[in-house]
Structures are given as structure tokens and as C-alpha cells.
Amino acid sequence: MVKPLLRYHPFKGLYLIYLGLSTFLIRVPLWFIWFMPRSNRPKASWPISRCIRVMFLRQLTVLPTRVGLKSTYDVPKSDDELKNAKFVWIEGVSENADALCGEVRRAAEVNGVKPARVPAYWHIKPGSTVPQDLKARPGELTVIHIHGGAFHLGSAHPDSTISSLTHGLLDHSRKVDRILAVDYRLSAAAPDTPANPFPAAVLDSLAAYQYLVKDLGFEPKNITVAGDSAGGNIAFALVRHLVENTIEGLPSPGRVLSLSSWLDLSSSRTTPDASLVRNFATDIFSTARKNRFGGYGIEAYMGKLDREEAKTNRYLSPTSPYIQPDGLFRGFPRTFVSAGEAEKILDDSLVAAELLKASGVDVTVDVEPDAVHDFMVFTWHEPERTNALKRVCKWLDD
């Protein structure tokens, strides 16, 4: 397939220069003037600086697919390159292992996905010490963080923007001294070379969970599986796999932490009161009608699966209205569901919380007023970010 001109230099470079100059010299001043009256702001409570940042992010969210930008980091040559972190390679799940079963195996066969070695980073709380062999201390709590990025962006590297969430959890938790961030395989679709569809990211996260339990000796009850945005989708799929299948030596984790999770790839709720419609103009995503929400990421993650599965597959869209809700989350561990009141996919979190409760799961729901999607990633989103992190970490430490 021929790629768009903006994927090639010099067109790519010229476009980025034009976008940068026009944004800072024209758009930002106009935004500042426009947002001076509170009535013009997406949320009247927002300061002008937040309004401009949100508008800037709307420009950025379309760049990766338009010009082919990627947010990857090279594997560090040594831990000396990292601050308060350690890099590890994790062996992939064996193709013949009992852990590769059920819906995950079926989808892997359809999409031609094989287990692979997984890069990951231990993020370590400043001032704390961890054993040289990284083994779990007796009773030690830990978290697996599966980052967001619409399945095709993002990184677990400590210097990535998304890692500010990981750092925030460590800053505010009294009992968690280290978090394992999984650098799972990112998906891709045309006009890029298709790669790593579902369940590649789930298999990588499963390998990380197995590493914690079998290699390092963490008790499953002391592990929280956390995911933000698309990472929340992967986290729920991982836990569902562990709950629905009896895997020797791999019981389900003690907790799930859902942060602005993207849980309905079909975007089926489009009535006027749905958050996709209601919060259309208050979130960080492009408001251009031609930009279907998450379109590239959905195509990349689905791979060769029938597109109807975006509506009907509980591993892909557990909050889809097309899925039978009775007992959908039966057996899931204690769960914390966090979301921003201003985000487009708020309904994904609210419906998930309702379904979890209906399945008998202990659920805490925390919706931050006037906050955007994945707001705990953005260090400028204060005081909402810190307040929410404190509530999350109180729950983690309990």
C-alpha cells in the first residue's frame, strides 16, 4: 500500500514545521483570546492554561497516524541510563503452556500471534531498596502497569510521558515500593506494516504476570493489575483470561486498577446523553468529524478478526451493549474504577463499574469532576491529578 505523502520527507518535515509555527504563532494567541470569557471554555471551571493545553493535545493526537510518528525508546544498554529504574527481559509464555488457552489462544491462531520475549521496567520509589535478585519480599505489594496509547503508541520507559502515572502511584503509596511497567508489543495497521494485533499485548502482559508469580515469588493476592486507557482494556483482558481459565500456578491477582479504561471498541453508545456525544468538546481528542474515535488503533488491534467482534467479544469490548451482561465479571477481584467526568469514554468506566457490581465484585468508583481522559498522566492537571492519586493509593495501601 502506498503511504500518504506526509509519511515521507521532505513533506513530513515541512508539515511538522508548518504545524509548529502556526500553532505557537497563530493558534495559541487566538485560543488565549477566545478562552478569556469563561463561557467559551470547554469547562467553565478550567483556567485558560488548561484550555490551551487541551487544544494543543487535540493537535497532537492526530499526528501519529497522519505523519507516522512513533513514541518508542531504545532498549537501554545498562541500568546506568535509567533513574530509579531497572530494565528486565521477561521470557514469553511457552506456545505449549497451559497458560496459552481459551479465547486468547483462538485469537492468537486467527491473527498469527506468537509469544515473544518482553521488555519491561521496574520503576522504583526514590530512596527505597529492592533485592539484588529482584525477588519478592515476604508480603510485598506490587503493581503491573499496562500503559495506554490506543494500542499503537506509548512506552513503559521511565522517561515517557505515560510513566508520570507510574511515578505518581509510587509517590503517593505508602506500601508499594516498585511497579513493573510492561513494554508490550504495539499494534500497527495500514498504511504502516500491520503488526502485533490482539492478543499480542495480552500475551506480553501474561508473561509479565507469570514472571512476578513464578520467577520472583510474588503472591497473586499482593499483585494489582493496573491499566490506563487502552492499557485498561489489556488489563481487563488479562484478568479475564486468568479468571475464566484454570491455569496451574497462576491464580487471578488480588486487585484491578482501571484508569480511564477504553472498554468498548465498537463505540456503540451514541445517544445524546452518551459520553461520546456529551463530552465531544471537552476532551483531549480531535473534534474533527472525519477522525473516528480510535479508528487506527482499533484496526491495528483487531488484525484479521471479524470486525463484529469489536461489538461481541468480551475480551475486546466488555462494556459493549451487544454483549450479554449477566455475570460478565463474575470471579473478578476487587476493582478500583477511575475516570474523568469530561472524557469521551467516561461511559466505558461507568458501565464497567455497574457490570462489576452486578457480578458481585467489590468495586470502588471514582469520577473526578471536569477531568479529561487519562488525566493522571498529565502533571499539569492539578489539583485533580494529585487528589485522585491519593485516593487510588489509599485504596492500594488498604
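Quick notes on the rules
Along each chain, numbering runs from 1 in the same order as the chain's sequence is written. Under the rules for a predicted model, residues below a pLDDT of 70 receive no local features and side-chain atom pairs below 80 are neither given nor counted, while totals for whole chains, interfaces and linings still include all residues. As a convention, hydrogens and water are excluded, and side-chain values are obtained from all of the structure's heavy atoms. Per the convention used, a helix needs a DSSP run of H or I reaching at least four residues, while a strand needs a run of E reaching at least two, with both numbered from the N terminus. We take the radius of gyration over the C-alpha atoms and set the globule estimate at 2.2 Å times the residue count to the 0.38 power. Burial classes follow relative accessibility: with a 1.4 Å probe on protein chains only, a residue under 20% of its type's maximum area counts as buried, one over 50% as exposed, and anything between as partly exposed. Note on definitions: a residue-residue contact is assigned when non-hydrogen atoms from the two residues lie within 4.5 Å. Accessible surface is estimated by sampling points in the Shrake-Rupley manner with a 1.4 Å probe; for residues, cover comes only from the protein chains shown. Here Asp and Glu are counted as negative and Lys and Arg as positive; His is not counted, and neither are the chain ends. Note that the charge is assigned to NZ on lysines, CZ on arginines, CG on aspartates and CD on glutamates. Strand pairing is defined by DSSP finding a minimum of two bridges between the two strands. Crossovers are marked right-handed if the path from the first strand over the helix to the second runs clockwise, as seen with the strands pointing away from the viewer. Only the six-membered ring of Trp is used, alongside the rings of Phe and Tyr, when aromatic pairs are assigned; centres must lie within 6.5 Å, and planes under 30 degrees apart are stacked while those over 60 apart are edge-to-face, with the rest tilted. Geometrically, a charge over a ring is one whose NZ (Lys) or CZ (Arg) sits within 6 Å of the ring centre while staying within 35 degrees of the ring normal. Each axis is a line fitted through C-alpha atoms, and for a helix only the stretch in contact is used; angles between axes span 0 to 180 degrees, taken between their N-to-C directions. Each crossing is labelled by how the near helix is turned from the far one, with a counterclockwise turn of less than a right angle marking it left-handed and a clockwise turn marking it right-handed. Here the nonpolar group is Ala, Val, Leu, Ile, Met, Phe, Trp, Tyr, Cys and Pro; Asp, Glu, Lys and Arg are the charged ones; every other residue, Gly included, is treated as polar. Whether a set of points on the 1 Å grid over the protein atoms alone is a cavity depends on a 1.4 Å probe fitting there but being unable to get out, while an open set qualifies as a pocket with protein on both sides within 12 Å along at least five of seven lines; lining residues are those with an atom within 4 Å of a point. Grid points are joined across faces, edges and corners, and a volume is the space filled by probe spheres set on the points.

Here's the deal with the overall build of the chain
Here comes step 1: A count of helical and extended segments in the chain gives twelve helices and eight strands.
Here comes step 2: Compactness check: the chain gives a C-alpha radius of gyration of 21 Å against a globular reference of 21 Å for 398 residues, within 12% of the reference.
Here comes step 3: By principal-axis analysis of the C-alpha atoms, the chain measures approximately 60 × 50 × 45 Å.
Here comes step 4: Evaluated residue by residue, the chain yields a buried proportion of 57% over its 398 residues.
Here comes step 5: Partitioning the intrachain contacts of the chain with sequence separation of at least 6 by distance along the chain shows that 78% fall at a separation of at least 24.
Here comes step 6: As displayed, the chain offers around 17,100 Å² of accessible surface, 55% of which is attributable to carbon and sulfur atoms.
Here comes step 7: Here the chain holds 47 positive side-chain charges and 44 negative ones, and the gap between their average locations is 5 Å.

Comments concerning the pairing of strand E3 (residues 142-146)
Here comes step 1: Where burial is concerned, most of E3 is hidden: five out of the five residues are buried.
Here comes step 2: By the alternation rule, side chains of E3 split into Thr-142, Ile-144 and Ile-146 and Val-143 and His-145, which are all buried.
Here comes step 3: For E3 and strand E5 (residues 223-228), the ladder comprises five bridges, and the chain directions are parallel. In the sheet register, Ile-146 faces E5, and the bridge partner there is Gly-227.

Quick look at the pairing of E5
Here comes step 1: Taken across its six residues, E5 has six buried, putting it largely inside the fold.
Here comes step 2: Judged by which residues are buried, E5 turns out to be covered on both faces: Ile-223, Val-225 and Gly-227 on one side and Thr-224, Ala-226 and Asp-228 on the other are all buried.
Here comes step 3: With five bridges connecting them, E5 and strand E6 (residues 255-259) associate as parallel partners. Opposite Thr-224, over in E6, you have Arg-255 as the bridge partner.
Here comes step 4: Handedness of the β-α-β unit built from E5, helix H7 (residues 230-244) and E6 comes out right-handed.

Quick word on the packing of aromatic side chains
Here comes step 1: Throughout the structure, instances matching the rule amount to 13 aromatic pairs.
Here comes step 2: Each member of the aromatic cluster is reached from another via a ring pair, and the members are Phe-151, Phe-198, Trp-262 and Tyr-301.
Here comes step 3: Lying over the aromatic face of Trp-89, Arg-117 brings its terminal NZ or CZ to 3.9 Å of the ring centre.
Here comes step 4: Here the guanidinium or amino end of Arg-178 rests over the ring plane of Trp-122, the centre of that ring lying 4.7 Å away.

Brief notes about the packing of helix H6 (residues 200-215) against H7
Here comes step 1: Between H6 and H7, whose axes approach to 9 Å, the crossing angle comes to 65 degrees. Considering only the axes of H6 and H7, their crossing is right-handed. Contact with H6, carried on its side by Ala-201, Val-202, Ser-205, Leu-206 and Tyr-209, involves Ile-234, Ala-237, Leu-238, His-241 and Leu-242 of H7 and no other residues of that element.
Here comes step 2: Among the residues forming the contact of H6 with H7, the class breakdown is eight nonpolar, two polar and no charged.

Observations concerning the layout of surface pockets
Here comes step 1: Here the largest pocket defines a volume of roughly 1,300 Å³.
Here comes step 2: As for the largest pocket, its lining consists of 43 residues, of which Leu-60, Thr-61, Val-62, Pro-64 and Leu-153 are closest to the centre.
Here comes step 3: Contributing elements (two or more residues each) for the lining of the largest pocket: helix H2 (48-61), helix H3 (63-67) and helix H9 (295-302).
Here comes step 4: Here the residues of the lining of the largest pocket are counted per class, giving 19 nonpolar, 18 polar and six charged.

Things to note about unusual backbone geometry
Here comes step 1: Following His-9, the chain continues into Pro-10 via a peptide bond in cis, with omega recorded as 10 degrees.
Here comes step 2: Mapped onto the elements of the fold, Pro-10 is located in the segment before helix H1 (11-34).
Here comes step 3: In this chain, Ala-190 is followed by Pro-191 through a cis amide linkage whose omega measures 10 degrees.
Here comes step 4: With respect to the helices and strands, the residue Pro-191 is situated in the loop between strand E4 (178-182) and H6.
Here comes step 5: Phi at Ser-267 takes a positive value of approximately 45 degrees, unusual for a residue other than glycine.
Here comes step 6: Looking at the element boundaries, Ser-267 is found in the loop between E6 and helix H8 (275-278).
Here comes step 7: Among the residues examined, Ser-267 registers a relative accessible area of 22% and is labelled partly exposed.
Here comes step 8: Despite not being glycine, Asp-370 has its phi angle at roughly 65 degrees, a positive value.

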